[in-house]
Amino acid sequence: FSFTHSRSVLMNKKTRVGILGYGKLGQFLAKEILKRDEEFELVFVWNRTADKVLKDDSVMAVCLENIEDIPTKEVDLIVEVAHPQILLEHGEMLLKHTNLMVGSPTTFANKAFEEKIRNLSSSGTNGVFIPAGAFWAARDVQKMADRGTLCELKVTMRKHPSSFKLNSPLKEKNAEISDDSEPVVLYSGPVRTLCPLAPNNVNTMACGALAAHNLGFDNVQALLVSDPSLTAHIVEIEAIGPQDSDSDQPFSVKATRYNPAKVGAVTGNATYNSFLSSLIGASEVLRPGFHFCLQIAFLIERGREHGAGSGIPTRRGEGECAALCEHSARGISFRSFSREFSSR
């Protein structure tokens, strides 16, 4: 790996960012980018309904009304937080123009699209970055997949019925759930089948399928539960490894992520900062390839150890994070460090 691919690191310039989608997550990211004006420049914000952007004084000046005009914009990183359909229609154009952060990884449940984007990112000059988001322990799952020791992965998501945006037939099934209903299993089966039925809600599961690359979208199992008693988004991850030769018991790990969320919220509170950390981390090293971002705190003391004269370039100088990548067998790398996350 060479740091020569990182324009913003070596040139010590602002990272120019464009945002696709101006829902709650897009608004949060725009606000945070504008606050960090020494590091970032917000080049444009696009939304399917431009009025939503034009009515916001903070971003109206950078409103992009036509997505087809993106190739005319000088931008280092496009952050997609809109909808999988936007990527299906425009992903190839976006990636040919610049680096792309994919906030709707359910799009990769489309085999043809995943293959096209992987090939383009490995053969071109720009990279694809996937935020880990709400998928806890992605690093460990990916390491097991690299070694071929990941035998099974099951991801369970539990949310309040109003937090789901579903397509038929899950939409109708969820609509039948009343406030006093017991939890209802909306879906149980492969992640690939679920993604087009719940494209806005199961990006965490899609991240799991990408991390568990030896199993993939067809063999990672999903369980989607609608529970009217919840005021949080709950993600349960169960990874199964090989059997122990002495005890005949398999290695297993279970992790539960409890993310407080208002009733009706599609994205839980903690996911906003997780996504921001991925954005900051990706901006440190923009390079070709297909990369999986992780949000791991980088110790400030460690950053000082790699200060001036260490040979490790940092975008803002001594005492700040170094951008490091670890390559996997399938060319997915884990961007790991961002100084911002360590203070959150």
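On a predicted model such as this, the values are computed, not experimentally measured, just so you know.

When you go through the protein chain residue by residue, the secondary structure sums to 12 helices and 13 strands. Considering the protein chain as a whole, with its 344 residues, one finds that 56% of them fall into the buried category. Long-range contacts, defined here as pairs at least 24 residues apart, represent 72% of the contacts in the protein chain between residues at least 6 apart. For the protein chain, the exposed area adds up to about 15,200 Å²; of that, 49% sits on carbon and sulfur atoms.

Here the focus is a positive patch on the surface. Where like charges cluster on the molecular surface, the positive patch consists of Lys24, Arg48, Lys52, Lys165 and Lys262. With respect to the helices and strands, the residue Lys262 is situated in the loop between β11 (250–260) and α11 (269–284).

Per the counting criterion, the structure on display carries 3 aromatic pairs. When the centroid spacing of 5.6 Å and the interplanar angle of 35 degrees are considered together, the rings of Phe108 and Phe113 count as tilted. In this structure, Phe108 and Phe113 share a single accessibility class: buried. By the ring-pair criterion, three or more aromatic residues cluster together here, those being Phe108, Phe113 and Phe290. A cation over a ring is seen here: Arg118 above Phe290, with NZ or CZ 4.1 Å from the ring centre.

So, about the environment of Leu94. Considering the arrangement of structural elements, one finds Leu94 in helix α4 (residues 84–97). For Leu94, a relative accessible area of 1% puts it in the buried group. Placed 24 residues apart in sequence, Leu94 and Ile70 show a C-alpha to C-alpha distance of 7.6 Å. The contacts of Leu94, once residues within four sequence positions are left out, are Leu20, Ile70, Ile78, Leu87 and Leu100.

Further remarks concern the pattern of salt bridges. By the definition in use, this model includes 12 salt bridges. Asp76 is the partner of Arg16 in a salt bridge, and the nearest nitrogen-oxygen pair spans 2.9 Å. Here Arg16, found in strand β1 (residues 15–20), pairs with Asp76, found in the loop between β3 (63–64) and β4 (77–80); they are 60 residues apart in sequence, far enough to count as distant. When the shortest N-O distance is used, the salt bridge between Arg36 and Glu32 registers 2.5 Å. Of the residues examined, Glu32 reaches a relative accessible area of 6% and is grouped as buried. The network of salt bridges with common partners includes Lys13, Arg16, Glu74 and Asp76.

The next point concerns the environment of Pro196. Checked against the element boundaries, Pro196 lands in the loop between α8 (191–194) and α9 (203–211). The exposure class of Pro196 is exposed, given its relative accessible area of 52%.

Turning to the sheet that holds strand β8 (residues 184–190), a few remarks are in order. The strand order across the open sheet formed by 5 strands is β8-β9-β7-β10-β11, and the pairing between neighbours is mixed. The open sheet has two free edges, formed respectively by β8 and β11, since each of these has just one partner strand. Sheet twist, expressed as the mean angle between neighbouring strand axes with direction ignored, is 10 degrees. Of the strands in this sheet, β7 (152–159), β9 (221–226) and β10 (232–243) touch α9, which is tilted by about 170 degrees from β7.

Formed by 61 residues in total, the largest nonpolar core has its most connected members in Phe108, Leu153, Leu194 and Leu224. Contacts of Phe108, omitting those with residues within four sequence positions, involve Val102, Phe113, Glu114, Ile117, Val128, Ile130, Arg192, Leu210, Phe217 and Phe290. Counting 28 residues, the second-largest nonpolar core is a separate cluster that includes Phe28, Phe40, Phe129 and Phe275.

Here the focus is the packing of α4 against helix α5 (residues 111–123). To describe two helices that pack against each other, one gives the angle between their axes and the distance between the axes. Between α4 and α5, the shortest axis-to-axis distance is 10 Å and the interhelical angle comes to 5 degrees. Viewed along their axes, α4 and α5 adopt a mutual orientation that is roughly parallel. Here α4 contributes Leu87, Leu88, Gly91, Glu92, Leu95 and Lys96 to the contact with α5, which in turn contributes Phe113, Lys116, Ile117, Leu120 and Ser121. Considered class by class, the residues forming the contact of α4 with α5 number 6 nonpolar, 2 polar and 3 charged.

Rules of the game
Residues numbered from 1 in each chain as written. Predicted model: local features only at pLDDT ≥ 70, side-chain atom pairs only at ≥ 80, totals over all residues. Heavy atoms only, no water. Helix = DSSP H or I, 4+ residues; strand = E, 2+ residues; numbered from the N terminus. Buried < 20%, exposed > 50% of the residue type's maximum accessible area, 1.4 Å probe, protein only. Contact = heavy atoms within 4.5 Å. Areas by Shrake-Rupley, 256 points an atom, 1.4 Å probe, with all protein chains shown as cover. Patch = residues over 30% accessible without salt bridge, like charges linked within 9 Å, V, L, I, M, F, W, Y side chains within 5 Å. Salt bridge = Lys/Arg side-chain N within 4 Å of Asp/Glu carboxyl O. Lys, Arg positive; Asp, Glu negative; His and termini not counted. Charge placed at Lys NZ, Arg CZ, Asp CG, Glu CD. Phe/Tyr/Trp six-rings, centres within 6.5 Å; stacked < 30°, edge-to-face > 60°. Lys NZ or Arg CZ within 6 Å of the ring centre and 35° of its normal. Pairing = 2+ DSSP bridges. Axes fitted to C-alpha atoms, helices over the stretch in contact; angles between N-to-C directions. Core = buried A, V, L, I, M, F, W, Y, C linked by side-chain atoms within 4.5 Å. Parallel < 35°, antiparallel > 145°, perpendicular 65-115°, else oblique. Nonpolar A, V, L, I, M, F, W, Y, C, P; charged D, E, K, R; others polar.

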